[in-house]
Amino acid sequence: MTPNRALWIAALVLVAGTSSYGAELWVSPDGNEPNPGTKARPLKTLDGARKAVRRHPRRTHEPLTVFFRSGTYYLPEAVVFTTADSGAKGAPITYAAAPGADVIISGGQVVKLDWKRYRDGILKANVPAGFKSDQLFVNGKRQHMARFPDYDPTAQYFQGFSPQSTSPDRVKRWSNPAGGFVHAMHRSLWGDMHWKITGRKDAGRLEMVGGWQNNRQMGAHKKYRFVENIFEELDAPGEWYLDEEKSVLYFYPPKGVNPSEARIEAVRLRHLIEFRGDREKPVGHIALQGLTFNHTARTFMENKEPLLRSDWTTYRGGAVFFNGAEDCAIRDCFFDQVGGNAVFVNMYNRRVAIVGCHIAGAGANAVSFVGDPKALRSPLFEYNQTQTLEQMDKTPGPRSPDYPADCLVENCLIYRNGRVEKQTAGVNICMSESITIRHCSIYDCPRAGINICDGAFGGHLIEFNDVFDTVKETGDHGSFNSWGRDRFWHRNRVVTAEWLKQYPEMPTWDCRKTIVIRNNRWRCDHGWDIDLDDGSSNYELYNNLCLAGGIKLREGYYRRVYNNILVDYTFCPHVWYPDCRTSFQRNILWRDRYAPAGMRKTDQGDRIDYNLVHQVGVVAHPAEKLRAFGGDKHSLVADALFLDPVAGDFRIKEGSPALRLGFKNFPMDQFGVKKPALKRLTKTPPLPGTLEAARIRSGGWGRRYGYPKTARWLGARIKNIEDNNEMSAVGLGDRNGVLVIEVPESSRAHQLGLRKNDVIRAVNGQEVKSLEAFADVFKRQSRSGPVALTLWRNQVQSSLKVSPH
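Description of the structure in this document. Just so we're clear, the structure is a prediction, and the values are computed from it rather than from any experiment.

Helix and strand counts for the protein stand at 10 helices and 68 strands. A globule of 805 residues ought to have a C-alpha radius of gyration of about 28 Å, and the protein, at 28 Å, matches this closely. For the protein, the C-alpha atoms occupy an extent of roughly 85 × 70 × 65 Å along the three principal directions. Out of the 805 residues in the protein, the part that is buried amounts to 62%. A separation of at least 24 residues holds for 69% of the contacts in the protein among residues at least 6 apart in sequence.

Attention now moves to the sheet that holds strand β18 (residues 239-243). In space, the 5 strands of this open sheet follow the order β8-β9-β19-β18-β12, with mixed pairing throughout. Both edges of this open sheet fall to β8 (116-119) and β12 (144-145), since each of them pairs with a single strand only. The pairing of strand β9 (residues 122-126) with strand β19 (residues 248-251) spans 4 bridges and is classified as antiparallel. Each bridged residue has a counterpart across the sheet, and for Asn-126 the counterpart in β19 is Val-248.

Right, let's get into a positive patch on the surface. Among the surface-exposed residues, Lys-683, Lys-779, Arg-780 and Arg-783 lie close enough to one another that they form a single positively charged patch. Here Lys-779 is to be found in helix α10 (residues 771-781). Residue classification places Lys-779 among the partly exposed residues on the basis of a relative accessible area of 36%.

Tallying each qualifying case throughout the model produces 5 cavities of 30 Å³ or more. Estimated volume of the largest cavity: approximately 100 Å³. Lining the largest cavity we find Leu-308, Arg-309, Leu-376, Arg-377, Ser-378, Pro-379, Leu-380, Gln-387, Arg-485, Asp-486, Arg-487 and Asp-510. A breakdown of the residues in the lining of the largest cavity according to their chemical character gives 4 nonpolar, 2 polar and 6 charged. Contributing to the lining of the second largest cavity are Thr-299, Asn-303, Trp-312, Thr-313, Thr-314, Tyr-315, Asn-341, Ala-364, Asn-365, Glu-421, Gln-423 and Thr-424. A class-by-class count of the residues in the lining of the second largest cavity yields 3 nonpolar, 8 polar and 1 charged.

This part is about the pattern of salt bridges. Evaluated as defined, the whole model comprises 51 salt bridges. Among the ionic pairs, Asp-444 bridges to Lys-472, the shortest N-O distance being 2.9 Å. Of this pair, Asp-444 sits in the loop between β38 (441-443) and β39 (450-452) while Lys-472 is found in the loop between β41 (466-468) and β42 (478-482), placing the two residues 28 residues apart along the sequence. A relative accessible area of 13% means that Asp-444 is categorised as buried. The residue Asp-534 makes a salt bridge to Arg-554 at a minimum N-O spacing of 2.6 Å. On the criterion of sequence distance, the pair formed by Asp-534 in the loop between β45 (528-532) and β46 (539-542) and Arg-554 in strand β48 (residues 551-554) is long-range, its members being 20 residues apart. The exposure class assigned to Arg-554 is partly exposed, which follows from its relative accessible area of 22%. When salt bridges with common partners are traced through the structure, they connect Arg-216, Asp-311, Asp-476, Arg-485, Asp-531, Asp-533, Asp-534, Lys-552 and Arg-554 into a single cluster.

Now for helix α2 (residues 46-55). Taken together, the buried positions of α2 are Leu-46, Gly-48, Ala-49, Arg-50, Ala-52 and Val-53. Its buried side turned inward, α2 meets β1 (23-27), β2 (64-68), β4 (79-81), β5 (93-97), β6 (103-106) and β21 (273-276). Residue Thr-45 occupies the N-cap position of α2, its side-chain oxygen lying 2.9 Å from the main-chain nitrogen of Gly-48.

Moving on, we come to the sheet that holds strand β14 (residues 181-186). Across a sheet, strands are paired by hydrogen bonds formed along the backbone, either parallel or antiparallel in direction. Read from one edge to the other, the open sheet built from 5 strands follows the order β13-β17-β14-β15-β16, with strand pairing classed as antiparallel. Two strands bound the open sheet, and with one partner strand each, they are β13 (147-148) and β16 (206-210). Bridge count for β14 against strand β15 (residues 192-200) is 5 bridges, and the pairing is antiparallel. The partner of Val-182 across the bridge, within β15, is Trp-195.

Let's shift gears to the nonpolar core. In this structure, Tyr-95, Phe-275 and Leu-288 are the most contacted members of the largest nonpolar core, which totals 106 residues. Here Phe-275 is in contact with Phe-81, Val-283, Ile-286, Leu-288, Val-320, Phe-321, Phe-322, Asn-323, Ala-325 and Cys-328, once residues within four sequence places are set aside.

Our focus in this paragraph is the packing of aromatic side chains. For the coordinates displayed, the defined rule picks out 41 aromatic pairs. Seen in terms of ring centroids, Tyr-157 and Phe-161 are 5.7 Å apart; in terms of plane orientation they differ by 75°. Their pairing is edge-to-face. We classify Phe-161 as partly exposed; its relative accessible area is 26%. Feature note: the residues Phe-571, Trp-576, Phe-584, Tyr-594 and Phe-629 constitute an aromatic cluster, connected by ring pairs. Its end group placed over the ring of Trp-212, Lys-304 keeps NZ or CZ at 4.4 Å from the ring centre. Positioned above the aromatic ring of Trp-576 is the side chain of Arg-559, whose terminal nitrogen or guanidinium carbon lies 5.8 Å from the ring centre.

The next point concerns the layout of surface pockets. Taking a probe equal in size to a water molecule and rolling it over the atoms shows the remaining empty space. Considered as a void within the structure, the largest pocket measures approximately 1200 Å³ in volume. As for the largest pocket, its lining consists of 30 residues, of which Asp-444, Asp-469, Lys-472, Arg-695 and Lys-779 are closest to the centre. Residue composition of the lining of the largest pocket, by class: 11 nonpolar, 6 polar and 13 charged. In this structure, the second largest pocket encloses a volume near 880 Å³.

Procedures and definitions
- Residues numbered from 1 in each chain as written.
- Predicted model: local features only at pLDDT ≥ 70, side-chain atom pairs only at ≥ 80, totals over all residues.
- Heavy atoms only, no water.
- Helix = DSSP H or I, 4+ residues; strand = E, 2+ residues; numbered from the N terminus.
- Rg over C-alpha atoms; globule rule 2.2 N^0.38 Å.
- Buried < 20%, exposed > 50% of the residue type's maximum accessible area, 1.4 Å probe, protein only.
- Contact = heavy atoms within 4.5 Å.
- Pairing = 2+ DSSP bridges.
- Patch = residues over 30% accessible without salt bridge, like charges linked within 9 Å, V, L, I, M, F, W, Y side chains within 5 Å.
- Areas by Shrake-Rupley, 256 points an atom, 1.4 Å probe, with all protein chains shown as cover.
- Salt bridge = Lys/Arg side-chain N within 4 Å of Asp/Glu carboxyl O.
- Lys, Arg positive; Asp, Glu negative; His and termini not counted.
- Charge placed at Lys NZ, Arg CZ, Asp CG, Glu CD.
- 1 Å grid on protein atoms, 1.4 Å probe; cavity = no way out; pocket = protein on both sides within 12 Å on 5 of 7 lines; lining within 4 Å.
- Points joined across faces, edges and corners; volume = space filled by probe spheres on them.
- Nonpolar A, V, L, I, M, F, W, Y, C, P; charged D, E, K, R; others polar.
- Polar contact = N/O pair within 3.5 Å; in protein donor to acceptor, adjacent residues only side chain to side chain.
- Core = buried A, V, L, I, M, F, W, Y, C linked by side-chain atoms within 4.5 Å.
- Phe/Tyr/Trp six-rings, centres within 6.5 Å; stacked < 30°, edge-to-face > 60°.
- Lys NZ or Arg CZ within 6 Å of the ring centre and 35° of its normal.

Shown next as structure tokens:
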């Protein structure tokens, strides 16, 4: 890390962590706007507090904290901070929950209605004329618009999909579908697309507008789609439909919910808080602390703007929206089921920090940084767009500073983003510079956990994150994904190669600073762990633990990949340019071959070397098969001698051949959030060799897992019965079941009564034929408590009760 970067990160941490109270104002739902804002006579609203701060005589002379007492603050419109609301260096303004207070900033409104029976368990109620809402929350839980097919949390795409969603026969059943929505995956699973229904033709064909939400316009998937906001599809508990013309709300309450007694909230606003400044007059030194944000509208139909030549489009907005801010922060806040982006950092911003936040169930991105395309030189806006070298502005660097820079996302727990929009990420970066993402736990994402749309303008630092359970509803992607279709990139690789002969440093014209990815743990079971896609250039990757999908490098220049561990997979070089200045050295991988695509050998052979292929119990010998790619003169196949891989500790022991090749151990206990309150809530990825990992069948895109052949469960080791010898040894006539091969006396399994050479044949009476089947059945059956195992022990059937905990 450069001294300058260390200084600004230290300054950001100071901004994010500053909470000196100094002067105080108080706000309470029971307050009154004419009040002076004292503890005894508090103000009533957030915007009232903003106005009081602006009038405060000490606003720019000492820290000022606005304390909110417990309650829900329903906003009639977004609260806007301008430069006139700013604090000053050494005198920040903090809008904070009072100690111990539960404070909700809501873009919704409470709906109190007189419910009447309609039919088949459905209730109805009149609403005020002009009432609109695209979401309904009941006792804090988001309900579902009337949809087909019905909501199914186990379905891979959209929580329910059907190719019959828009079939003519189905469409003919709808009396007036105008106002409904069609949602579909991209035909190649590169994100999704959405349409609003405007009418219906007699033949059962819909009239619609939309489909612009994906920058690779190749059409929608014919199978993975669903419709919602259709009255005739109101047929399942938890569904609702608003007839805006007749001002009637229909609701099919879930079991146990009485709408007359429940708290029902509708949504009004897209944004809750906006920081509205510019480069000349920025909003500065304001922090939001300890607040909960929810009830914002979905924005998928406003997601129209193409983000250069990436696959993305975007809507510039979020529950909290920064535009022209400096030295501002969001810390220790909870974004709960917001309808669109949670945090959007737009155009010119400097030193904005999002720290210690919990972001769950966002409809789109959790955090997104997006600059101004006018800040680029010769920008293009779609994959197929090209320009000649003569047309191109050849000046390196940006045209203007109108983009986010020197910003921080740290110690955040982010999961289940993209509940509505699938071309989204936990953290997205586009046309920005020097964004740091560290100590974040990001998982349960439809696409990438962290995405970088382009090379402009580089300098990002991604470290100590834990990113997994990603690319769940899309494909051809990774837990980390990037594109680099910058000025040097042409879809015809021959053209790019010719340009580079004239301008060798062309790949750094836009990505002018190296992007560093280090000390992270990644797991993608539906793609690559790290996917540097089209053109991604000027990257340095080291000290990454990749648990499933390996590392892919496609096209691009100036990639240094070293000292990484690629568990159960290998290195994937795709269609490299000649003389691409790429190195892959001192890594540990599992497969004894690389997985190239569109190429067989590289001219970078001198830079591909000193790698180790891990094979348990193997004496070190040359990695002959790796050499087929053109390098690896000194690489080896050997046992890496890991300390405790089943426990997630992939450090290597003294005497490991990898040490002789130059590999260096890196910490295995620093991944993800460190904040104790968030760490207690955080999940971690399935570790190879555990029962949880055994449930995972495929690495996606045709890749099958080969490791491990055994699993650790309750401290015991179990495996499939692989051959007739093992079958005969335990006295069975078939290979069905799971063989217990090791039960340490100190293990939980031994305490429960499991013994070596037991064969588990069934769980709660359900037969299990393999390790994978046992993992599935045990997880499912144990959700409701202890389970009964049917054992084969000493050629006699017996049973054993086991608690999952």
